[in-house]
Amino acid sequence: MGQRLRGRIAAVKSLSAGILILNPQAELLLCHATGTVDWDIPKGGLDAGETTLAAAIRETAEETGLHFAPDELLDLGHFGYRPAKDLHLYATLRERFDAGQCRCSSHFTDLWGRRRPEMDGYEWVLFERVHRRCARRMGGLLTQRLSLAQLLRQLQERTGWVHS
C-alpha cells in the first residue's frame, strides 16, 4: 500500500525516466504535451521489470521518434519531482536537426473519445528560455537543480565534440 508517516498513509511514488537532448547551440529539445499549455522533455513510466535506461530510451523513441543507444547517454541520476513522482534522467548531445520532423507514436483517448498523440509539437529551446516553456516543477528541475550549460560542457568533453 504505502508506508505510514505521522499517522497518514503515504502513497508509493511512481518513477518516470527520460532523456535531455541538448545541441551544441545551447538548446534543449522540448515536446508539447497534447491538450495542455505545457512543454516537457520526453519521459514516461517504467514497464514491469524495465530498467530506467530502457524506459528512457523507449519513451523517447515513442514520444519523438528518436532512437538512442545506451552508450550515447549520460546517467544524471534520480531526482525528486512531485510528491508522488520521481524522475531518473539521462542526457545526450545531438547536432541540431529540424525538430518538426519528430513524431509521437504513443497515443491516448481524450474526453471526447478521440485518439490523440501524447506529444503534438517539438522545438529547440535556448537554455535561458527553458523555465518559461516548461511547467513550474520541470522548469525548476532543469534550470535550478541542474545547470544545462554545465551539462552541455560535460557532454562535449565526454564525446570530444567541441562546437566551433
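Whatever comes next refers back to the structure up there.
Let me begin by describing the structure that accompanies this report. Along every chain, residues carry numbers that run from 1 in the direction the sequence is written. The model is predicted, so local features are restricted to residues of pLDDT at least 70 and side-chain atom pairs to those at 80 or more, both for listing and for counting; the totals for chains, interfaces and linings are taken over all residues. Values reported for side chains reflect all heavy atoms of the structure, with hydrogen atoms and water molecules removed beforehand.

Section: the nonpolar core
Counting residues in each nonpolar core, the largest one holds 25 residues, and the members touching the most others are Leu20, Leu22, Leu28, Ile41, Met138, Leu142 and Leu151. Only strand S3 (14-23), strand S4 (27-33), strand S7 (74-82), strand S8 (85-93), helix H3 (136-145) and helix H4 (148-159) provide two or more residues apiece to this core. Residue contacts are defined here by distance: any two heavy atoms, one from each residue, within 4.5 Å place the two residues in contact. Those residues in contact with leucine 151 that sit more than four places away from it in its chain are Leu20, Leu22, Leu74, Leu76 and Ala91. Residues grouped as a nonpolar core are buried Ala, Val, Leu, Ile, Met, Phe, Trp, Tyr and Cys residues, joined through side-chain atoms within 4.5 Å. Working definition: with a 1.4 Å probe on protein chains only, accessible area under 20% of the residue-type maximum means buried, over 50% means exposed, and in between means partly exposed. Residues Ala56, Phe68, Leu73 and Tyr90 belong to the second largest nonpolar core, which totals 19 residues. Helix and strand assignments come from DSSP, with helices taken as H or I runs of at least 4 residues and strands as E runs of at least 2, each series counted from the N terminus.

Notes on helix H1 (residues 52-64)
Given a rise of 1.5 Å per residue, 13 residues ought to cover 18 Å, and the 18 Å separating the end C-alpha atoms of H1 matches this to within 8%. Of all 13 residues in H1, 10 are buried, a share of seventy percent or more. Among the residues making up H1, those that are buried are Thr52, Ala55, Ala56, Ile57, Arg58, Glu59, Thr60, Ala61, Glu63 and Thr64. Against S3, S4, strand S6 (43-45), S8 and strand S11 (119-126) lie the buried residues of H1. Directly after H1, the chain includes glycine 65, whose backbone phi takes a positive value near 85°. Multiply 1.5 Å by the residue count of a helix minus one, and that product is the helix's expected span.

Quick word on unusual backbone geometry
Excluding glycine, a negative phi dihedral is what most residues carry, and trans is how most peptide bonds are arranged. For alanine 26, which is not glycine, the phi torsion reads 60° and is therefore positive. Tracing the backbone shows alanine 26 in the loop between S3 and S4. For alanine 26, a relative accessible area of 23% gives the class partly exposed.

Some remarks on the pattern of salt bridges
Salt-bridge detection follows one rule: a side-chain nitrogen of Lys or Arg within 4 Å of a carboxyl oxygen of Asp or Glu. The tally for this structure, following the rule as stated, stands at 11 salt bridges. A salt bridge links aspartate 47 to arginine 58, with the nearest nitrogen and oxygen atoms 3.5 Å apart. Within this pair, whereas aspartate 47 is found in the loop between S6 and H1, its partner arginine 58 is found in helix H1, the two being separated by 11 residues in sequence. The exposure class of aspartate 47 is partly exposed, given its relative accessible area of 44%. In this structure, arginine 58 engages glutamate 59 in a salt bridge whose closest nitrogen and oxygen atoms are separated by 2.9 Å. What emerges from the salt-bridge pattern is a single network uniting Asp47, Glu50, Arg58, Glu59 and Glu62.

Observations concerning the environment of lysine 43
Its place among the elements puts lysine 43 in strand S6. By relative accessible area, which is 12% here, lysine 43 ends up buried. Leaving out residues up to four positions away in the same chain, lysine 43 has contacts with Ala17, Gly18, Glu59, Glu63, Tyr81, Lys85, Leu87 and Met138. The definition of a polar contact used here is a pair of N or O atoms within 3.5 Å, where within protein one atom must be able to donate a hydrogen and the other to accept one, and adjacent residues in sequence count solely through side-chain atom pairs. A distance of 2.8 Å separates the side chain of lysine 43 from the side chain of aspartate 40, its partner in a polar contact.

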